[in-house]
Amino acid sequence: MSTDCISSNLSHILKSVRDQAESVNRHADSVRVIAVSKTVGADKIMEAFDCGQAVFGENRPQELYEKSQSLPASIEWHMIGHLQSNKVRKAVGSSDLIHSIDSVKLLNRINDAGRELQKVQCVLLQVNVSGEESKFGIPVEDVERIASNLGDLPNIRCRGLMTMAPYGASEDELHRVFSGLRELRDRIQETMDLPLPELSMGMSSDYRIAIAEGATLVRIGTAIFGTRKGTNGV
Ligand SMILES: *Cc1c(COP(=O)(O)O)cnc(C)c1O
């Protein structure tokens, strides 16, 4: 994928996402594309923004913060990467949605930062559906317990669940992981009476399967901006 045709990459992805949603009997507008702009310079982000893309995802709080300060205020910023406790204030100050909540400790820190900044922070719980040891995310069996504590955290609003499929997973495994997240969401919604409308799942290589399994947010980097260079690629 070349990096000098962001507008055509973007329009291709937006169309493909709508087409895929309709082909699985979902509304074309039911899936939002988050343009993952980690390592991508401001000029390229502006190129996508000028084509109408207004939602961007970053995986490092410092980079997200700096971009949010210098780029148009109407951009919606999503924090999608692992969040360390000491970076929480920066993330809460500049993120519209944090996808990567993987511990109770992090929830408590975000609630504290939200109180100080007078902000109710929208979050997703990141779930380790596949059980892979190398991945961040809450084990499936712990998600309900963590969700049951959300009522005690007034500066947090949980909007749904997020997952990452294991690298190199087969199509069958991808279906299993993404449907697993949806079923977990359905179960929690039902038993706890907690609305969780968002399912953040699917990247450049697997978003079609994620949409078939109910994704409402797909996180697309490479297919829009081209292949990343450097060490911040994951
Ligand atoms: C980098 C990243 C993506 C985007 O990956 P692509 O394969 O480039 O689309 C999605 N989600 C997370 C959490 C990421 O870190």
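Below you will find a few notes about this structure.

1. Some words on the site of the ligand
Near the ligand lie 12 residues; those nearest to it are Lys-38, Ser-204, Arg-219, Gly-221 and Thr-222. Measuring from an oxygen atom of the ligand, one finds a side-chain N or O atom of Ser-204 at 2.5 Å. Thr-222 places a polar side-chain atom, nitrogen or oxygen, 2.5 Å from an oxygen atom of the ligand. Looking at side-chain class alone, the shell around the ligand contains six nonpolar, three polar and three charged residues.

2. Description of the environment of Glu-198
With respect to the element layout, Glu-198 can be found in strand β8 (residues 198–200). With a relative accessible area of 16%, Glu-198 lands in the buried category. For the pair Glu-198 and Ile-224, spaced 26 residues apart in sequence, the C-alpha separation works out to 22 Å. If near-sequence neighbours (up to four positions away) are discounted, Glu-198 is found in contact with Leu-124, Arg-159, Gly-160, Leu-161, Thr-216 and Leu-217.

3. A few points about the packing of helix α6 (residues 140–148) against helix α7 (residues 171–192)
Running from N to C, α6 and α7 point in directions that differ by 35 degrees, and their axes come no closer than 11 Å. Crossing of α6 against α7: the hand is right-handed. In contact with Val-140, Val-143, Glu-144, Ala-147 and Ser-148 of α6, α7 contributes Leu-184, Arg-187, Ile-188, Thr-191 and Met-192. Here the residues of the contact of α6 with α7 are counted per class, giving six nonpolar, two polar and two charged.

4. Description of the pattern of salt bridges
Summed over the entire model, instances satisfying the criterion amount to 12 salt bridges. Here Asp-29 and Arg-18 are joined by a salt bridge, their closest N and O atoms 2.7 Å apart. On the criterion of sequence distance, the pair formed by Asp-29 in the loop between α1 (6–23) and β1 (32–36) and Arg-18 in helix α1 is long-range, its members being 11 residues apart. Residue Arg-18 is classed as partly exposed on the basis of its relative accessible area, which comes to 39%. A salt bridge links Arg-159 to Glu-198; the shortest N-O distance between them is 3.7 Å. One end of the pair, Arg-159, is in strand β7 (residues 156–162); the other, Glu-198, is in strand β8, and 39 residues separate them in sequence. On the accessibility criterion, Arg-159 (30% relative accessible area) is partly exposed. Put simply, Glu-58, Glu-63 and Lys-67 are held in one network by salt bridges that share partners.

5. Describing helix α3 (residues 61–70)
Every buried residue of α3 is accounted for by Pro-61, Glu-63, Leu-64, Lys-67 and Ser-68. Taken end-on, α3 shows its buried residues confined to a sector of 160 degrees, consistent with a single buried face. Across from the buried face of α3, at angles greater than 90 degrees, the exposed residues are Gln-69 and Ser-70. The elements touched by buried residues of α3 are α2 (42–50), β2 (55–58), β3 (76–79) and α4 (88–94).

6. Overview of the nonpolar core
Core analysis: the largest hydrophobic core is formed by 62 residues, its most contacted members being Phe-56, Ile-98, Leu-107, Ile-110, Leu-125, Val-218 and Ile-224. In this view, Leu-107 contacts Ile-101, Val-123, Leu-125, Ile-146, Leu-150, Leu-153 and Ile-156; residues no more than four positions away in its chain are not counted. Counting residues in hydrophobic clusters, the runner-up holds seven residues, among them Ile-34, Val-55, Cys-122 and Met-162.

7. Some words on the pairing of strand β4 (residues 97–101)
Buried residues dominate β4, accounting for five of its five residues. Pairing between β3 and β4: two bridges, direction parallel. Looking at the pairing, His-78 lines up with Leu-97 of β4. You can see the chain leave β3, run along α4 and come back into β4, and the turn it takes is right-handed. Where β4 lies against strand β5 (residues 121–128), three bridges are found, and the strand directions are parallel. For Leu-97, the partnering residue across the bridge sits in β5 and is Cys-122. Crossover β4 to β5 through helix α5 (residues 104–117) is right-handed.

Calculation notes
- Residues numbered from 1 in each chain as written.
- Predicted model: local features only at pLDDT ≥ 70, side-chain atom pairs only at ≥ 80, totals over all residues.
- Heavy atoms only, no water.
- Near = heavy atom within 4 Å.
- Polar contact = N/O pair within 3.5 Å; in protein donor to acceptor, adjacent residues only side chain to side chain.
- Nonpolar A, V, L, I, M, F, W, Y, C, P; charged D, E, K, R; others polar.
- Helix = DSSP H or I, 4+ residues; strand = E, 2+ residues; numbered from the N terminus.
- Buried < 20%, exposed > 50% of the residue type's maximum accessible area, 1.4 Å probe, protein only.
- Contact = heavy atoms within 4.5 Å.
- Axes fitted to C-alpha atoms, helices over the stretch in contact; angles between N-to-C directions.
- Left-handed = near helix turned anticlockwise from the far one by under 90°.
- Salt bridge = Lys/Arg side-chain N within 4 Å of Asp/Glu carboxyl O.
- Arc of directions from axis to C-beta.
- Core = buried A, V, L, I, M, F, W, Y, C linked by side-chain atoms within 4.5 Å.
- Pairing = 2+ DSSP bridges.
- Right-handed = clockwise from strand over helix to strand, strands pointing away.

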